[in-house]
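Architecture and fold: a report
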Amino acid sequence: YWSEWKGASYVGFLAKRLPKDYVILVIGRHFTYKRDNIINITKVDNSLLPNYYAIADCYVSTTQDDNFPLVLMEAQICGVPIVGFGHGGTKEQITQKSGIMVGEENDVDKLLHAVIHVVEDKPFIKSDIINSGMRFAKFAHAKRMLNIYEKYN
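None of the values given here were measured: they were computed from a predicted structure. (Residues numbered from 1 in each chain as written. Predicted model: local features only at pLDDT ≥ 70, side-chain atom pairs only at ≥ 80, totals over all residues. Heavy atoms only, no water.)

Right, let's get into the overall build of the protein chain. If you tally the helices and strands in the protein chain, you get seven helices and five strands. Whereas a compact globule of 153 residues would reach a radius of gyration of roughly 15 Å, the protein chain reaches 16 Å, a difference of no more than 12%. Overall size of the protein chain, expressed as C-alpha extent along the three principal axes, is 55 × 35 × 30 Å. Within the span of the protein chain, comprising 153 residues, buried residues form 39% of the whole. Counting only contacts in the protein chain whose residues sit at least 6 apart along the sequence, the fraction spanning at least 24 positions is 48%. (Helix = DSSP H or I, 4+ residues; strand = E, 2+ residues; numbered from the N terminus. Rg over C-alpha atoms; globule rule 2.2 N^0.38 Å. Buried < 20%, exposed > 50% of the residue type's maximum accessible area, 1.4 Å probe, protein only. Contact = heavy atoms within 4.5 Å.)

Have a look at this one:
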């Protein structure tokens, strides 16, 4: 089940307030909110995940405490912009070229407006979003860490 630690109530809020033609797709967790504009898929083979990212206009992160949400990196590598609160590792993953961080105060109105802005205005360039996600690619990240280490030691 999706807990408040993951921000379930914020997704419920968005479902009530987003324009009627918006659909929220929740993947990988049982989601208790029942609304016509929420589709809940509890189990997906990992090889199919890129197909779901490909149909997304944005990825919304409502997590309250994840230290490094891998789904944000996955979404960015698939070219999907991120909108989220600035908790935990989210603030390290969202860049000015890959999404909008609405802050740590859980302002759901800011979250709502940011989602609509990203979906309607499409302010991000897909290649910039992908490059933001690639910052965390295994070897590139390891090399960057080694360069930092060598610089200060």
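The structure having been displayed, the exposition proceeds.
The final tally for this structure, using the stated rule, is two aromatic pairs. Ring centres of tyrosine 10 and phenylalanine 85 lie 5.0 Å apart, and the angle between their planes is 70 degrees; on these two criteria the pair is classed as edge-to-face. In this pair, tyrosine 10 sits in helix 1 (residues 8-17) while phenylalanine 85 sits in the loop between strand 4 (82-84) and helix 4 (90-93), placing the two residues 75 residues apart along the sequence. Phenylalanine 85 matches tyrosine 10 in its accessibility class, with the two residues each being buried. Summarising the aromatic geometry, the rings of phenylalanine 68 and phenylalanine 136 are spaced 5.2 Å apart at their centres and angled 75 degrees between planes, so their arrangement reads as edge-to-face. Residue phenylalanine 68 is found in the loop between strand 3 (59-61) and helix 3 (70-77), and its partner phenylalanine 136 is found in the loop between helix 6 (126-134) and helix 7 (138-152); the two are separated by 68 residues along the sequence. (Phe/Tyr/Trp six-rings, centres within 6.5 Å; stacked < 30°, edge-to-face > 60°.)

The two faces of strand 1 (residues 24-27) differ: Ile24 and Val26 on one face are buried, but Leu25 and Ile27 on the other face are not. Taken together, the four bridges between strand 1 and strand 2 (residues 38-41) define a ladder with parallel strand orientation. Each bridged residue has a counterpart across the sheet, and for isoleucine 24 the counterpart in strand 2 is isoleucine 38. (Pairing = 2+ DSSP bridges.)

Let us look at the confidence of the model for the protein chain. Looking at the protein chain as a whole, its pLDDT mean stands at 90, while 99% of the residues score no less than 70. Highest mean pLDDT in the protein chain belongs to helix 5 (residues 108-121) (98); lowest belongs to helix 7 (80). (pLDDT = per-residue confidence, 0-100.)

Membership of the largest hydrophobic core comes to 25 residues, with the highest contact counts inside it found for Leu18, Ile24, Val26, Phe31 and Val115. Put simply, the parts of the chain that give this core at least two residues each are helix 1, strand 1 and helix 5. When residues of this core are assigned to their parent elements, the largest contribution, seven residues, is made by helix 5. The contact partners of phenylalanine 31, leaving out residues within four places of it in the chain, are Trp2, Ala8, Val11, Gly12, Val26, Ile38 and Asn40. By size, the runner-up hydrophobic cluster in this structure holds eight residues, among which are Tyr53, Val80, Ile82 and Ile94. (Core = buried A, V, L, I, M, F, W, Y, C linked by side-chain atoms within 4.5 Å.)

It is the contact of helix 1 with helix 5, at a shortest axis distance of 10 Å, that shows an interaxial angle of 55 degrees. When the axes of helix 1 and helix 5 are compared, the pair comes out oblique. As helix 1 runs across helix 5, the sense of the crossing is right-handed. Within the contact between the two elements, helix 1 uses Tyr10, Phe13, Leu14 and Arg17 and helix 5 uses Val108, Asp109, Leu111 and Leu112. Classifying every residue of the contact of helix 1 with helix 5 gives six nonpolar, no polar and two charged. (Axes fitted to C-alpha atoms, helices over the stretch in contact; angles between N-to-C directions. Parallel < 35°, antiparallel > 145°, perpendicular 65-115°, else oblique. Left-handed = near helix turned anticlockwise from the far one by under 90°. Nonpolar A, V, L, I, M, F, W, Y, C, P; charged D, E, K, R; others polar.)

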